[in-house]
Amino acid sequence: MAYLAAYDVHHARVFGRTEPRTGIGPFMNLAAQVMTREPYASAKRVFWVVDNGSSHRGQKAACRLAAAFPNTIMVHTPVHASWLNQVEIYFSVVQRKVVSPNGFTDLAQVGDRLRAFEDRYNSTAQPFQWKFTTSDLDDLLARLDRHAPADRQEESSAALAARSTPEGL
């Protein structure tokens, strides 16, 4: 059994489903579960932040999702950085609190437990309020530059940032 989930970061809401296996079909079923309801169906843009799993890897997956739901934009997290995707944090909680230890008698019991946890999560979760601003990031990078050893200050973060702008490329 596979548990697939999408996470609305603005409303702290999980949309989950169980499927017999992973793959393109189950991923598209999850996308349809979300994208056929409001506010997603009529939204101008809906960003799907995904890891590099085989069912949603690469440009083909992005094109497939956009063909089915033209208002979607698939964004892939960097390889080995799935922790940036908030649904992965949810999966971490599910792994620790819901399916471990694995004292289940059958898959139906696992599915029931997953759905019950999802319902409980959705009734209590609150959206995360970001407080770290771009100014905070600039200040942090400046402090790091000041404290970096001389031999490691080959290129300051300001120089790197300037070079990464379209004008600097």
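Everything numeric in this text was worked out from a predicted model, so none of it was measured.

Caption draft 1: Focus on the overall build of the protein chain. Across its full length, the protein chain carries six helices and four strands. Each helix (α) and strand (β) of the protein chain, taken in turn from the N terminus, gives the series β-β-α-β-α-β-α-α-α-α. In the protein chain, which comprises 169 residues, the proportion classed as buried is 29%. Considering only contacts within the protein chain whose residues lie at least 6 apart along the sequence, 53% involve residues at least 24 apart.

Caption draft 2: Structural view of the layout of surface pockets. Its boundaries defined by the atoms lining it, the largest pocket holds a volume of some 1100 Å³. Along the wall of the largest pocket there are 43 residues; nearest its centre are Ala6, Tyr7, Trp48, Val49 and Asn85. Within the residue set of the lining of the largest pocket, elements represented by two or more residues are strand S1 (2-8), helix H1 (24-35), strand S3 (46-50) and helix H3 (86-97). Among the elements that take part in the lining of the largest pocket, S1 stands out by supplying seven residues, more than any other. Across the lining of the largest pocket, the residue classes tally to 28 nonpolar, 11 polar and four charged.

Caption draft 3: The arrangement of the environment of Ala125 in detail. Summarising the element assignment, Ala125 is placed in the loop between helix H4 (107-124) and helix H5 (134-147). Taking the C-alpha atoms as reference, Ala125 lies 7.3 Å from Arg13; in sequence the two are 112 residues apart.

Caption draft 4: Structural detail: the pattern of salt bridges. Enumeration according to the criterion identifies two salt bridges in this entry. The salt bridge involving Asp112 is made with Arg115; its shortest N-O contact spans 3.1 Å. Here the residue Asp112 and the residue Arg115 both occupy positions in helix H4, the gap between them amounting to three residues, near one helical turn. For Asp112, a relative accessible area of 48% gives the class partly exposed.

Caption draft 5: Summary view of the packing of H3 against H4. Viewed as axis vectors pointing N to C, H3 and H4 meet at an angle of 125°, and their least axial separation amounts to 12 Å. In terms of their interaxial angle, H3 and H4 are classed as oblique. Crossing of H3 over H4 shows right-handed handedness. Here Tyr90, Val93, Val94 and Lys97 of H3 lie close against H4, whose contacting residues are Arg113, Leu114, Phe117, Glu118 and Tyr121. Counted by class, the contact of H3 with H4 contains six nonpolar, no polar and three charged residues.

Each value, and the rule that gives it
- Residues numbered from 1 in each chain as written.
- Predicted model: local features only at pLDDT ≥ 70, side-chain atom pairs only at ≥ 80, totals over all residues.
- Heavy atoms only, no water.
- Helix = DSSP H or I, 4+ residues; strand = E, 2+ residues; numbered from the N terminus.
- Buried < 20%, exposed > 50% of the residue type's maximum accessible area, 1.4 Å probe, protein only.
- Contact = heavy atoms within 4.5 Å.
- 1 Å grid on protein atoms, 1.4 Å probe; cavity = no way out; pocket = protein on both sides within 12 Å on 5 of 7 lines; lining within 4 Å.
- Points joined across faces, edges and corners; volume = space filled by probe spheres on them.
- Nonpolar A, V, L, I, M, F, W, Y, C, P; charged D, E, K, R; others polar.
- Salt bridge = Lys/Arg side-chain N within 4 Å of Asp/Glu carboxyl O.
- Axes fitted to C-alpha atoms, helices over the stretch in contact; angles between N-to-C directions.
- Parallel < 35°, antiparallel > 145°, perpendicular 65-115°, else oblique.
- Left-handed = near helix turned anticlockwise from the far one by under 90°.

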